[in-house]
Amino acid sequence: MAIFVDQDLAASPNPTDLPKRIEFTQTLHSSLASEAITCQYSLAAAHNIWFEDNDGNLMKTVVREDTVGSAPQVTVDRITMTTGPGMAGLLTVEVAQSLRDSEGNVTPGLVIVQIQS
Amino acid sequence: MTKRSGLVCLWWIASLFLAAGALRAQCTTPSGDTGFNDVIFTPTGGTFSTVLPFDVPVRICAEVPAGTTRATVKYAATDRKLGPIDVDPDTCTIRTPGIAWGPEFARVPSGNTVRWVIGRLEAERYYVFCFGFEKKATDEEIAAFRQSAAKVLDDALTQTTTGTLNADQTQAICQGLRAELLAATGATKVLTPGTIFDCDADKVAAFATEVTRGPLQAQLRAQVILAGRPNDDPNFAVPSLGQRQNDLQSILAALQADPSIAKLIDAIAQQSALDAAVSARAQSICPGCSALLGPGATPAARLALGEDATSTPGAPLTVQSQPSQAAAMSQVYAVTAKNFNDLANLIRWALSPDAPPGIAAALNDADRAALSALVTTPGPLAAAAGKANTLASLTQNLTNQLTARTQGIQALANELSIAAASLQLADASTLGNFVTNQKNYISLDAGLTWAPELEEVVPYMGTNIYFRPVNRNAPLRTLGNFRQTFSRRFSMTFGLTLSSIADETSNGGTQNDLFGNQSLMLGAGLRVTDSMRLGAGAIVFKEDDPSPLVNEQKLNTSYYLAFSFDIDVVSLFSKSFQTALGVSSSQ
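Let me begin by describing the structure that accompanies this report.

Calculation notes
Residues numbered from 1 in each chain as written. Chains lettered and ligands numbered in written order. Predicted model: local features only at pLDDT ≥ 70, side-chain atom pairs only at ≥ 80, totals over all residues. Heavy atoms only, no water. Helix = DSSP H or I, 4+ residues; strand = E, 2+ residues; numbered from the N terminus. Buried < 20%, exposed > 50% of the residue type's maximum accessible area, 1.4 Å probe, protein only. Contact = heavy atoms within 4.5 Å. Areas by Shrake-Rupley, 256 points an atom, 1.4 Å probe, with all protein chains shown as cover. Pairing = 2+ DSSP bridges. Salt bridge = Lys/Arg side-chain N within 4 Å of Asp/Glu carboxyl O. Polar contact = N/O pair within 3.5 Å; in protein donor to acceptor, adjacent residues only side chain to side chain. Nonpolar A, V, L, I, M, F, W, Y, C, P; charged D, E, K, R; others polar. Disulfide = S-S within 2.5 Å. 1 Å grid on protein atoms, 1.4 Å probe; cavity = no way out; pocket = protein on both sides within 12 Å on 5 of 7 lines; lining within 4 Å. Points joined across faces, edges and corners; volume = space filled by probe spheres on them. Axes fitted to C-alpha atoms, helices over the stretch in contact; angles between N-to-C directions. Left-handed = near helix turned anticlockwise from the far one by under 90°.

**What about the overall build of chain B?**
- Broken down by element type, chain B carries 17 helices and 19 strands.
- A total of 587 residues make up chain B; the buried ones form 42% of that total.
- Sequence separation of at least 24 residues holds for 71% of the intrachain contacts in chain B that already meet a minimum separation of 6.
- Carbon and sulfur atoms form 57% of the exposed surface of chain B, whose accessible area is close to 29,500 Å².

**A look at the sheet that holds strand β8 (residues 113–120) of chain B**
All names here are of chain B.
- In spatial order, the strands read β2-β1-β3-β8; together these four strands make up an open sheet with mixed pairing. Unpaired on one side and paired on the other, β2 (47–48) and β8 mark the two borders of the sheet.
- Summarising the sheet, strand β1 (residues 37–42) and strand β3 (residues 57–63) pair through five bridges and their orientation is parallel. In the strand pairing of β3, Ile40 is matched with Cys61.

**Describing the sheet that holds strand β7 (residues 73–83) of chain A**
- If you walk across this open sheet you meet the five strands as β1-β2-β7-β4-β5 (chain A), and the pairing is antiparallel. The sheet terminates laterally at β1 (3–12) and β5 (58–59) of chain A, the two strands that pair on one side only.

**Here we look at the interface of chain B and chain A**
- Chain B puts 39 residues into the contact, and the matching count from chain A is 35 residues.
- There are one salt bridge connecting chain B and chain A.
- The partner of Asp8(A) in a salt bridge is Arg221(B), with the nearest N and O atoms 3.6 Å apart.
- Where chain B meets chain A, there are 21 residue pairs in polar contact (both at pLDDT 80 or more).
- When contributions to the side of chain B that touches chain A are tallied by element, the ones reaching two or more residues are β10 (165–166), α3 (167–185), α4 (204–227) and α13 (380–415) of chain B.
- By residue number, the principal contributor to the side of chain B that touches chain A is α13(B), which donates 12 residues.
- Grouping the amino acids of the side of chain B that touches chain A by side-chain chemistry returns 16 nonpolar, 17 polar and six charged.
- Sheet topology places strand β8 (residues 90–100) of chain A next to β10(B); two bridges connect them, and they run antiparallel. Following the sheet pairing, Leu90(A) is matched in β10(B) by Asn166(B).

**Some words on unusual backbone geometry**
- Look at the link from Ser12(A) to Pro13(A): it is a cis peptide, with omega at 0 degrees.
- When you line up the elements, Pro13(A) lands in the loop between β1 and β2 (20–30).
- A cis geometry characterises the amide bond from Leu18(A) onward to Pro19(A), with omega recorded as 0 degrees.
- Here Pro19(A) is to be found in the loop between β1 and β2.
- In this structure, Cys199(B) is a non-glycine residue whose phi angle is positive, near 60 degrees.
- With respect to the helices, strands and loops of the structure, Cys199(B) is situated in the loop between β11 (189–191) and α4.
- Phi is positive for Glu455(B), close to 55 degrees, though the residue is something other than glycine.
- Within the secondary structure, Glu455(B) is located in the loop between β13 (442–451) and β14 (456–465).
- According to the relative accessible area criterion, Glu455(B) is exposed, its value standing at 68%.

**Describing the pairing of strand β17 (residues 520–527) of chain B**
Residue and element names in this part refer to chain B.
- What you see with β17 is a clean split: Met521, Gly523, Gly525 and Arg527 sit on the buried side and Leu520, Leu522, Ala524 and Leu526 on the side with no burial.
- For strand β15 (residues 490–497) and β17, the ladder comprises seven bridges, and the chain directions are antiparallel. Counted as the bridge partner of Leu496 is Leu520 from β17.
- Two strands pair when backbone bridges link them, and β17 and strand β18 (residues 532–544) are joined in this way by eight bridges, in the antiparallel orientation. Its bridge partner lying in β18, Leu520 is registered against Val540.
- Between β17 and the antiparallel strand that follows it, β18, lie four residues.

**Quick look at the state of the cysteines**
Residues and elements named next belong to chain B.
- Counted according to the given criterion, the structure contains four disulfides over all chains.
- A sulfur-sulfur separation of 1.9 Å characterises the disulfide bridge that pairs Cys27 with Cys61. Taking the sign of the S-S torsion, -80 degrees for the link of Cys27 and Cys61, the bridge is left-handed. Residue Cys27 is located in the loop between α1 (3–23) and β1, and its partner Cys61 is located in strand β3; the two are separated by 34 residues in the primary sequence. Like Cys61, Cys27 is buried.
- For chain B, numbering the cysteines in disulfides from first to last along the sequence yields the connectivity 1-2, 3-4, 5-6, 7-8.

**Observations concerning empty space enclosed by the protein**
- In total, this model carries five cavities of 30 Å³ or more according to the counting rule given.
- Size it by volume and the largest cavity reaches roughly 70 Å³.
- Surrounding the largest cavity, 13 residues form its lining, Asp8(A), Pro108(A), Gly109(A), Leu110(A) and Asn397(B) being those nearest its centre.
- The set of elements that each furnish at least two residues to the lining of the largest cavity consists of β1 and β9 (106–114) of chain A together with α4 and α13 of chain B.
- Considering only residue class, the lining of the largest cavity consists of six nonpolar, five polar and two charged.

**What to know about the side chain of Thr78(B)**
- Within the secondary structure layout, Thr78(B) lies in strand β4 (residues 68–79).
- The residues contacting Thr78(B), other than those within four sequence positions of it, are Gly83(B), Ile85(B), Ile99(B), Arg125(B) and Tyr126(B).

**Looking at the side chain of Asp55(B)**
Residue and element names in this part refer to chain B.
- Summarising the element assignment, Asp55 is placed in the loop between β2 and β3.
- Of the polar contacts made by the side chain of Asp55, one reaches the side chain of Arg488; its length is 2.6 Å.
- Setting aside anything within four residues of it in sequence, one finds Asp55 in contact with Arg120, Leu121, Arg468, Asn471, Ala474, Leu479 and Arg488.

**Examining the packing of helix α5 (residues 241–257) of chain B against α13(B)**
Residues and elements named next belong to chain B.
- Closest axis-to-axis distance for the α5/α13 pair is 10 Å, and the angle between their directions is 145 degrees. Like other packed secondary-structure pairs, α5 and α13 cross with a definite hand, here left-handed. Mapping the contact onto sequence places Leu241, Arg244, Gln245, Asp247, Leu248, Ile251 and Leu255 in α5 and Leu381, Ala384, Lys387, Ala388, Thr390, Leu391, Leu394 and Thr395 in α13.
- When grouped by side-chain class, the residues that make up the contact of α5 with α13 number nine nonpolar, three polar and three charged.

Take a look at the structure:
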């Protein structure tokens, strides 16, 4: 019914060089005993940093699903980040997150990943 | 006090004054040879004690303000044709195009004076000097600065709206923050170097770690909660806080205007008045319903803003709001969400067989159907509770982000410190007045000249005119090689022989001196050492016309070679030598 963020989204390693499999973690709980949530990670379209799936496809958005309960729970999503077409030379990149609960309420989050050249 | 004790007291006070005078060192021109050309800078007047010497090492002495821990001087120069340099007196920023400061000379003062050795100055230049006197800021100044620094960072950081930045953009943010900090502290203060606000390119990664991923990240999280975020997929679009509040307000207003709910609340109130058990039961199921519905309910608009009946209306939330405001809103939203759930339970109780007969009788079938629709799962009340809970979650998260941002900014401000520095400008030049210029350009020497054609060796005195200022106190060997010092060595010579070059006319001689017993020497000379010169040129004298029939004299010349000493050096020699050269001591 509603998702509560107990611990903000974090990325590890951070700073990082690319390509790298980044672990996104945060602690959540729900106002329900058990609630299915959908989590979208997205990157701005203009720059050259992308997500990459297991088949090597470059994407600007990744969607993951999870279930959270009423007790605080650490969720972990591992996503490979790499470089591709687009504006290069970033020092920091903002990874935006949208958490959608079972009733369609969207809770925002973000983490800034520092890129080492 | 006795007369004797009064005398002792006077003596004691006088001693104190004397001691204070002895302790207070002053800049004075040294009497002996220090190896430097000393000039004194007077900060109050922004003047030097003399025209600046050139070609010799210059040492500047200045009295410094009390408490000065570091004193600096730097200078810039222009050619005399360009005139004085335009400098901002508050910041020592040079406004004249193409002119830049030279290296800075820094010294720790000794007592209340400081001396800098600044090397050699060029002749015929305008100079501008920037003196900096730094002292440690007082505890009060530092405390005030940290307070203002936190405010400056708070305001300036709001200008940044993204965490996706390249190195140049990150450095620009750093420089922007630094400029704001300096503006807040005033032009006479400098930030203590060594912090991330040096904004050096090699420190930009540290700035990103400490600021971009610190308070800026917290601010961006707060901004997205407040302003929302569009998304190509509408399922993941983030509504703004205002949109969410409007949605909640609509739901609340609809509930407060719902006739079936109004009928239920009236029925419960009537039955509660008649039966204390009904009142207790209704109160236990929904203790907050009176705030949500009925005549004593908080208006929907206020509840939607996260304000209860007792709250003072707050200003709209921004990233600079107090975290406590968002925390208070979060509590109200959480209570509202609970009230929605409790209302659903109250409706279920009223529709159940356990409901008191009076309440059941007050509701018709249409009311029952409408109320049943409200409490279905998922249904409108559950959705309303979800929205209120989401607002409670978001405002709680907002509280955390605003707190993290404030703490991050305060930590940055605590890292910063300041040093008070006063800047002082002084214009000066190596251009003297007319007399000085004459001294610069002209020298006197004395020596012997040999005219081979005339078979004469005679003493002479000459005036040497250089084509540039020459400081005779500057040893030639310290100024470079022969080629580099040629202009300081070469001069035109005008001289007079000091004894006659005439041959005995009674013995058939034909040459006579130009003036009485002296002839004119025109030529050029070259200093081979600081005091010794070799010269050559022509001696101008009079000669009888070769024709025995013509009784006239004509001007004639003959070349000469000369060897001379600088007149100052000559004066060091014995009086007998001067007498031999025919030079009086007064010359």
